[in-house]
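One-letter residues, chain by chain:
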Amino acid sequence: DLHSFPTRRSSDLEHFEVMHSQMRQTLVQALILLRNRNQFPCIDTVPLYFKLFSLQDKGLRNQVFTHLIRDIADINKKTKNQKVNQQLRDIFFARLKDGEQEVSRRACAAFISLYRQNVWRDAGVVNLMSAGLVHPDTKIAAALTHLFLGNKTKGLEGILLLLLLLLQIGRAHV
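The sections below set out a description of the structure shown in this document.

Reading the values: rules and limits
- Residues numbered from 1 in each chain as written.
- Predicted model: local features only at pLDDT ≥ 70, side-chain atom pairs only at ≥ 80, totals over all residues.
- Heavy atoms only, no water.
- Phe/Tyr/Trp six-rings, centres within 6.5 Å; stacked < 30°, edge-to-face > 60°.
- Helix = DSSP H or I, 4+ residues; strand = E, 2+ residues; numbered from the N terminus.
- Buried < 20%, exposed > 50% of the residue type's maximum accessible area, 1.4 Å probe, protein only.
- Lys NZ or Arg CZ within 6 Å of the ring centre and 35° of its normal.
- Salt bridge = Lys/Arg side-chain N within 4 Å of Asp/Glu carboxyl O.
- Axes fitted to C-alpha atoms, helices over the stretch in contact; angles between N-to-C directions.
- Left-handed = near helix turned anticlockwise from the far one by under 90°.
- Contact = heavy atoms within 4.5 Å.
- Nonpolar A, V, L, I, M, F, W, Y, C, P; charged D, E, K, R; others polar.
- Core = buried A, V, L, I, M, F, W, Y, C linked by side-chain atoms within 4.5 Å.

**Some points on the packing of aromatic side chains**
Each aromatic ring pair is specified by the distance between its two centres and by the angle formed by the two planes.
Okay, step 1: Taken as a whole and judged by the stated rule, the model has six aromatic pairs.
Okay, step 2: With centroids separated by 5.5 Å and ring planes inclined at 90°, the aromatic side chains of Phe92 and Trp120 adopt a geometry described as edge-to-face. Separated by 28 residues along the polypeptide, Phe92 in helix 5 (residues 82–96) and Trp120 in the loop between helix 6 (101–116) and helix 7 (123–131) bring together distant segments of the chain.
Okay, step 3: The exposure class of Trp120 is buried, given its relative accessible area of 0%.
Okay, step 4: An aromatic cluster is built from Phe50, Phe53, Phe65, Phe92, Phe111 and Trp120, whose rings are joined through pairwise contacts.
Okay, step 5: Sitting above the plane of the Phe65 ring, Arg106 keeps its charged end 5.4 Å from the centroid.

Right under this line is the structure:
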């Protein structure tokens, strides 16, 4: 039964930290292939993907992240299923608040990527992302600040220059 495949693979990958990297890579590729063929819902694999974000394998993290973003964008290409999107957003927001740094950063990057691709661009998503502005991880807070300011550059230089400019304009009108 393919509907139980993600659950079974999740249990197989339960000890993914000690699993040989090639075996882990092969299992993830099989999961992605079956998901690309729409053999089970996306929502079944998202918790496993977030577990994999905690690995030290950067290539695997990037592969999973790219697939996840592309998969959600493809789901929303024809019609937007609000129920599925709400479930996905809830999972992403829970991971954004997660204490693990890499997992939180990936959730934030997913929100930003899907927002910029016009996949998740409604008021509910903006409200969820705005909660990240006060996140303890400064990279998450800075990335979301850049997004809301419309600044696509990385680093704090753009924000600081904009704030200085706003302060100068504010003083000129006072």
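**A look at the pattern of salt bridges**
Okay, step 1: In this structure the tally under the stated criterion is six salt bridges.
Okay, step 2: Across the pair Glu102 and Arg61 runs a salt bridge whose closest N-O atoms are separated by 3.7 Å. Of this pair, Glu102 sits in helix 6 while Arg61 sits in helix 4 (residues 58–78), and the two are 41 residues apart along the sequence.
Okay, step 3: According to the relative accessible area criterion, Glu102 is partly exposed, its value standing at 26%.
Okay, step 4: Here Arg61 falls in the buried class, since its relative accessible area comes to 11%.
Okay, step 5: The salt bridge partner of Lys77 is Asp74, with a shortest N-O separation of 3.4 Å. Within this pair, Lys77 and its partner Asp74 are both found in helix 4, separated by three residues, close to a single helical turn.
Okay, step 6: Taking the relative accessible area as the measure of exposure, Lys77 reaches 63% and is therefore exposed.
Okay, step 7: What emerges from the salt-bridge pattern is a single network uniting Arg61, Glu102 and Arg106.

**Quick notes on the packing of helix 4 against helix 6**
Helix-helix packing is characterised by the crossing angle of the two axes and by the distance between the axes.
Okay, step 1: Two numbers describe how helix 4 lies on helix 6: the axes approach to 11 Å, and their chain directions differ by 35°. Classified by chirality, the crossing of helix 6 by helix 4 is right-handed. Contact residues: Arg61, Asn62, Phe65, Ile69, Ile72 and Ala73 in helix 4; Glu102, Arg106, Ala109, Ala110, Ser113 and Leu114 in helix 6.
Okay, step 2: Of the residues contributing to the contact of helix 4 with helix 6, the split by class is seven nonpolar, two polar and three charged.

**Comments concerning unusual backbone geometry**
Okay, step 1: Residues other than glycine seldom take positive phi values, yet Asn38 does so here, at roughly 60°.
Okay, step 2: Along the chain, the position of Asn38 falls in the loop between helix 2 (21–36) and helix 3 (46–52).
Okay, step 3: Residue Asn38 is classed as exposed on the basis of its relative accessible area of 58%.
Okay, step 4: The backbone of Asn118 shows a phi angle near 60°, a positive value even though the residue is not glycine.

**Some remarks on the nonpolar core**
Okay, step 1: Ranked by size, the top nonpolar core spans 42 residues in total, and within it Val46, Phe50, Leu52, Ile72, Phe92, Phe111 and Trp120 carry the most contacts.
Okay, step 2: Mapped by element, the contributors of at least two residues to this core are helix 2, helix 3, helix 4, helix 5, helix 6, helix 7 and helix 8 (138–149).
Okay, step 3: Here the element with the most residues in this core is helix 6; it accounts for eight residues.

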